[in-house]
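Chain residues, written in single-letter form:
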Amino acid sequence: MSCRGKLVVHVAENGHSYRLECNECNLVEAVQKLIELMCGISINDQLLFCSDLKLESKRPLSDYKVPSDEREVFLFNKARMRSHSPHPAPEQVEFVNIPDDPPLPSSSHYPHPLDDASDPALKALPSYERQFIYHFQYGDAIFSRTTAKFETCKRLLQEQKVQERALEIARGNLDRLYKVIHQNYYTGFVKCYSRLHHNHTNLLANFGRDIEKLRSIKLPPPLQSAQIKCLLDFVKEENLHKSWEECSSSHKQYENKVSVFNLDFIDLKSSAEHILSDKPSFVIEDLELSIKDHQCCINEQKSIMQALSKDVDTVKKLVEDCLSSQMSSSLRPHDAVSALGPMYDSHEKSYLPKMLSCEREISSLLDSCRDKKNKMNTFVHVFMQKIAHVQGTIKDLCCKFSVLQEALKQLNIQFEQLKVLHGIGPAYRSCLSEVVKRKAEKKIYMAKAEQLVEKLASERDAEVRRREEFLKVHSAYIPRDILASMGLFDIPNPCIAHIAPFDSNLLDIGFSGLERYAPESSLGLSSKSKKHASLRSSLSISNDDSRADEVEGSVEFPEKYDYQEFLEGSELVEIGSTSKMEIENAKLKAELASKIALICSMSVELDYESLDDSKLDSILKNAADKTTEALHLKDEYEKHLQLMLKMKQMECESYQKRIHELEHKLSDQYMRGCQLSADKHVPNFVVSTTKTYNNQSEVLGVGEVHMHPTVKEFSCASTPLKSVITDEHDKPQEGLDDNMMDTSSMINCQLDSSMLDLHCDTGRLCSEGNKTASFPDSVMALGTSNMTISMSHPPDVPSCETAILPGMDAKVSDRVVMELQNSLAEKSSQLCNAETKNQELIDKVSKMGRELDINRKILGESQMKCAHLKNCLHEAREEAQSYLCAAERRASEYGALCIPSIKMHGLFESLRRCVSSVGMAAISDSLCALAQSLASESDDEGCAEFRECIQILADKVGLLSRQHTQLLERSSKAEDENEQLIKELVEKELAKLLQVHEIAAFVLNSSGHYEATNRACPRHYLSDESVALFSDNPATHPSYIVGQVVRIEGKIVKATPPPSSDEAENQGSSSNLYGLPVGCEYFVVTVAMLPDSGVGSPPS
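Residues numbered from 1 in each chain as written. Predicted model: local features only at pLDDT ≥ 70, side-chain atom pairs only at ≥ 80, totals over all residues. Heavy atoms only, no water.

Asker: Can you walk me through the overall build of the protein in this structure?
Answerer: Secondary structure assignment for the protein yields 26 helices and 14 strands. Burial statistics for the protein: of 1100 residues in total, 34% are counted as buried. When contacts within the protein are restricted to residue pairs at least 6 apart in sequence, those whose partners lie at least 24 apart make up 79%. When the accessible area of the protein is evaluated, it comes to approximately 65,800 Å², of which 55% is carbon and sulfur surface. (Helix = DSSP H or I, 4+ residues; strand = E, 2+ residues; numbered from the N terminus. Buried < 20%, exposed > 50% of the residue type's maximum accessible area, 1.4 Å probe, protein only. Contact = heavy atoms within 4.5 Å. Areas by Shrake-Rupley, 256 points an atom, 1.4 Å probe, with all protein chains shown as cover.)

Here's what the structure looks like:
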């Protein structure tokens, strides 16, 4: 359901307000038509705003949430905003239905029955009544004028408030428009231009240096040919010089255009800021306070009017009482007159003067309000003209923006050849880095394939062993042919990996060749970037360390650092014939080559010279902070390694003590054996060996014999080397090894675990079943670092597992003791070597770990930057495509409008020559001739419409010319009539009545009466008292009398019935002395003598 209400429309130019009955479904155009009817502003000149929204003609009011009591519409007149529009006319104040001042009271105009009363007091009462009524009417006229003026002041104040709100709407609209052009156009354009201008300037300045660098960098011999020897041969040098000259010229021209544009924008900014800060010369709030202060004048006049009304009622009541003879005996007419006298005096001396004073104050206030309203009208007019001018300037700058952006795009395309020249060096170095990277990755790829083959082979061996064990267990119960029929005798085939050759055509070059054939200087870095070399290193190491939290999380000091997890994360393991160090070196080479290629790719787009000193200092400071933090972490890690080294040293000392204790125990056992050999001869001894596999013991030898408890504990404590190494790597922070706990109950187990044989030379563990397992050298070294040494026993060397029987001879015992001593010495030397290797490996691993972290951080940051650059490039391409489409659309629109505009310009030029070349009378004929010439020239639709307009204009000009001639004739007639009216007015002016205090001349007429002569005043006769005053002798009279008018009394000749003869003579002489007809009005004038004057003439 539609809502209907009042739409409040305020006119900005004068502050007038209109309330329109409308519906929210009505179009804005319908409202504009009503406004045109009410205030005379054309629809084309109307600009409507509701808050900050512009009202479109074809949209309904509901789109702007009007009509509403909380929203108002402001109307701006476009015609008044043009520069040539006249200033607004002064404010005119008109008062309607305001009563005039009443005439002075007169008994002749307002007769009263008591006027003929014999009592002077009763006769005075009607006079007081007339005076009081006059005072009330006079006061009411003053009060009406004052109230009207005060209401006008409030109306002018309200209109100025409306204009002030309209100015705020205009300021807000201008501010938004300025912010749009400043933020969306100017700021982005300046940034883009500054970046491109800097890059173009560097390309022009470094042109010669780039050519010399490319000429100085020779290609490797495999890449050289007869035409190409150096990098400069990739391009044509003569074309480059020509392109450089063209780019330099275009660069300077565009720079000059941008300078002019910057000056225009600075002027626009100054004008906009001046307009936005411009305020009226007076404060409306002060005027509002002044109006509130003058409200007391209105209140005072109201109280006076109440007093006057009360006095009028009082005197009327007294008069009515006198007429009805109802006056009490206590109040006589003389008392009533005495009471009315002070009232009259208060009217004359207090009430009316106060009302006049209040009226003068309100009149002064009205003059002030009118003056400020005129100033506000002028200010609004000038202000809106300034805003229109600034908006026009903004539109012009927007057009210049489009032109400059298109020119900048073309200029950037023009510099492409110089960019190619500047990017040859980095691209060449990047390609060589890619060669090095691919060679390293090929090695890693082959090593991974070998690792996969070995892993599958080890799994195959494990499966074969499991199947053999299965058959060994179940073949005792199931016949072999049945098992064969089941297919349980099959074994997995070995895995054979074959990789086809690839990257066989790569250039044979390494990092040394990279620095030789493509040095870092090929990047084209400037001296300023050399000055900030530390900045580049910081950007590659410290400043790119965006994952410092991950570093802190991965390195926890000192308790939570897990070295095994670090090795697994780095994936640096030995693969077949390729050592772990070779794999690591290959991986680092590939990563370093990748970073060099990335830096070369980015160096063309990123220029350190584009950073000012403040930004460089900020980046260097951040890099220094991060470097300090990294050094702190390095110191913490160094302390952690020193603590680990101390713990290993304590373990070594503990091992040495254990070895000394074992030496003493073996010596004691040897002595006891010698003593037993003297008592009992033992022909042979049994060597028992143990093999631990899945926590089960298997005794191999000639037969089962009774073993010493120590030997049993020793054989049970033996574990495979792989499980020992894994346990040691899983718990590096637990201090001493679990097998090295210093307890007396575990001495034999300590002996067993510490006396195992480690073949460090071959890296293979030999078991009693003659089965071997291969381990890398580094893993063996790590195993020795934790002092978990596994020993194998050759057949010719007795181990600590061999029980010395009481019956062995002395020679055998001596030989066993000697061998044990030699074995102890060998293990001591192995322990020293293991400690040395352990320390070296720890240092290498820590160093590699730090380098790996740094490389990982660089790689992650490079990937992030590459992704960011891709996003920026994508956005730039989309923006450029949108600009290109907009430019093409505008070009097509311009082309479509250009030809009609040129034609129209020619037509208007013909019209101007036609109008300006002839006189006023011949304009119509000239326009007709122009229309005929246009009809013969072209039949275009636009030209036909223009021809029709010219023809209509010619007809109207001819009509106006004829009307002009007629008006001239009428004007001459009107002037003649005007002269006649002037004469009549002069004659009427002379017929005005005499006034009191004027000089009048009276001439003795034929009937013997003195009649006034000046101003042709008829029926003005001199009174008998005045005649007697001027006559020395009553018998003689002067021919004329001149004196000052003192009193003028108007009378009317009345018809009276015929009296008696005596009375007729007396009444005839008194009632109609001058022989005038009945009903005729005449005047009796009383004059006084002028100073030093007498009778005007001697008696006739």
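Asker: Before we go on, may I ask you to explain the pattern of salt bridges in this structure?
Answerer: Side-chain pairing between opposite charges can occur once the charged atoms of the two side chains come close. Scanning the entire structure with this criterion turns up 34 salt bridges. With a shortest N-O distance of 2.9 Å, Glu-168 and Arg-171 are connected by a salt bridge. Of this pair, Glu-168 and Arg-171 both sit in helix H3 (residues 120-205), 3 residues apart, which is roughly one turn of that helix. The partly exposed category is assigned to Glu-168, whose relative accessible area is 42%. The salt bridge partner of Asp-175 is Lys-179, with a shortest N-O separation of 3.3 Å. With Asp-175 and Lys-179 both in helix H3 and 4 residues apart, this pair spans about one turn of that helix. Three or more residues joined by partner-sharing salt bridges are found here, namely Glu-91, Arg-155, Glu-159 and Lys-373. (Salt bridge = Lys/Arg side-chain N within 4 Å of Asp/Glu carboxyl O.)

Asker: Where do I start with the environment of Lys-58 in this structure?
Answerer: With respect to the helices and strands, Lys-58 occurs in the loop between strand E4 (53-54) and strand E5 (73-77). Sequence-wise, Lys-58 and Val-28 are 30 residues apart; in three dimensions their C-alpha atoms are separated by 6.4 Å. Among all residues touching Lys-58, those that are not within four sequence positions of it are Leu-27 and Glu-29. In this structure the side chain of Lys-58 is engaged in a polar contact, spanning 3.1 Å, whose partner is the side chain of Glu-29. (Polar contact = N/O pair within 3.5 Å; in protein donor to acceptor, adjacent residues only side chain to side chain.)

Asker: It is not clear to me how the state of the cysteines should be interpreted in this structure. Could you clarify?
Answerer: A disulfide bridge is the covalent bond that connects two cysteines by way of their sulfur atoms. This structure, assessed with the given rule, holds 0 disulfides. Of all cysteine sulfurs in the structure, the one in Cys-832 sits closest to Cys-652, which takes part in no disulfide; the separation is 8.0 Å. The exposure class of Cys-652 is buried, given its relative accessible area of 8%. (Disulfide = S-S within 2.5 Å.)

Asker: Any chance you could explain a negative patch on the surface here in plain terms?
Answerer: Together, Glu-975, Asp-976, Glu-977 and Glu-979 make up a region of like negative charge exposed at the surface. Mapped onto the secondary structure, Glu-975 falls in helix H24 (residues 941-990). (Patch = residues over 30% accessible without salt bridge, like charges linked within 9 Å, V, L, I, M, F, W, Y side chains within 5 Å. Lys, Arg positive; Asp, Glu negative; His and termini not counted. Charge placed at Lys NZ, Arg CZ, Asp CG, Glu CD.)

Asker: Help me understand empty space enclosed by the protein, please; the structure alone is not making it clear to me.
Answerer: Empty pockets left among the atoms are what a rolling probe the size of a water molecule brings to light. Counted according to the given criterion, the structure contains 10 cavities of 30 Å³ or more. Of the voids in this model, the second largest cavity is the one considered here, and its volume is about 110 Å³. Surrounding the second largest cavity, Ala-12, Glu-13, Phe-76, Asn-77, Arg-80, Met-81, Pro-88, Asn-377, Val-380, His-381 and Met-384 form its lining. Looking at which element gives the most residues to the lining of the second largest cavity, the answer is helix H8 (residues 333-414), with 4 residues. (1 Å grid on protein atoms, 1.4 Å probe; cavity = no way out; pocket = protein on both sides within 12 Å on 5 of 7 lines; lining within 4 Å. Points joined across faces, edges and corners; volume = space filled by probe spheres on them.)

Asker: So what exactly am I meant to see when it comes to the packing of helix H5 (residues 237-277) against helix H9 (residues 416-474) here?
Answerer: Each pair of packed helices can be described by the angle between their axes along with the distance between the axes. Contact pair H5 / H9: the axes reach a minimum separation of 9 Å and the direction vectors enclose 125 degrees. The orientation of H5 relative to H9 falls into the category oblique. Read as a crossing pair, H5 and H9 show a hand that is left-handed. Of the residues in H9, those in contact with Asn-239, Leu-240, Ser-243, Trp-244 and Cys-247 of H5 are Gln-417, Leu-418 and Leu-421. A breakdown of the residues in the contact of H5 with H9 according to their chemical character gives 5 nonpolar, 3 polar and no charged. (Axes fitted to C-alpha atoms, helices over the stretch in contact; angles between N-to-C directions. Parallel < 35°, antiparallel > 145°, perpendicular 65-115°, else oblique. Left-handed = near helix turned anticlockwise from the far one by under 90°. Nonpolar A, V, L, I, M, F, W, Y, C, P; charged D, E, K, R; others polar.)

Asker: Hey, could you run me through unusual backbone geometry in this one?
Answerer: Comment: phi is negative for the bulk of residues other than glycine, and the bulk of peptide bonds are trans. A cis amide bond, omega 5 degrees, links Val-66 with the succeeding residue Pro-67. With respect to the helices, strands and loops of the structure, Pro-67 is situated in the loop between E4 and E5. Notably, Ser-51 is not glycine yet its phi reads approximately 60 degrees, a positive angle. A residue is classified by how much of its surface remains accessible, and Ser-51, at 37% relative accessible area, is partly exposed. Despite not being glycine, Lys-65 has its phi angle at roughly 60 degrees, a positive value. Within the secondary structure, Lys-65 is located in the loop between E4 and E5.

Asker: How should the packing of aromatic side chains be read in this particular structure?
Answerer: Between two aromatic rings, the relevant description is the distance of the centres plus the angle of the planes. Summed over all chains, the structure comprises 17 aromatic pairs. Between Phe-261 and Phe-401, the aromatic rings sit 4.7 Å apart at their centres with planes inclined by 70 degrees, giving edge-to-face as the arrangement. With a gap of 140 residues between them, Phe-261 in helix H5 and Phe-401 in helix H8 connect regions that are remote in the sequence. Just as Phe-261 is buried, Phe-401 falls in that class too. An aromatic cluster of three or more residues is present, and its members are Tyr-178, Tyr-186, Phe-189, Tyr-193, Tyr-254, Phe-261, Phe-265 and Phe-401. When the ring centre of Phe-502 is taken as origin, the NZ or CZ atom of Lys-442, which lies over that ring, is 5.6 Å away. (Phe/Tyr/Trp six-rings, centres within 6.5 Å; stacked < 30°, edge-to-face > 60°. Lys NZ or Arg CZ within 6 Å of the ring centre and 35° of its normal.)

Asker: Can you walk me through the pairing of strand E1 (residues 4-11) in this structure?
Answerer: Two faces make up the sheet, and in a regular strand the side chains alternate between them. When you tally the buried positions in E1, you get 6 out of 8 residues, the bulk of the element. Pairing geometry for E1 and strand E2 (residues 17-23), over 7 bridges, is antiparallel. Each bridged residue has a counterpart across the sheet, and for Gly-5 the counterpart in E2 is Cys-22. Counted between consecutive antiparallel strands, the loop separating E1 from E2 contains 5 residues, among which Gly-15 sits at a positive phi close to 80 degrees. When E1 meets E5, the two strands line up parallel, connected through 3 bridges. For His-10, the partnering residue across the bridge sits in E5 and is Phe-74. (Pairing = 2+ DSSP bridges.)

Asker: In this structure, what is going on with helix H4 (residues 207-216)? I would like to understand it.
Answerer: Quick reminder: α-helices carry 3.6 residues per turn. Residues three or four places apart thus point the same way. Every buried residue of H4 is accounted for by Phe-207, Asp-210, Ile-211, Lys-213 and Leu-214. Buried residues in H4, looked at end-on, bunch into an arc of 165 degrees, giving them a common side. The elements touched by buried residues of H4 are H3, H5 and H9. (Arc of directions from axis to C-beta.)

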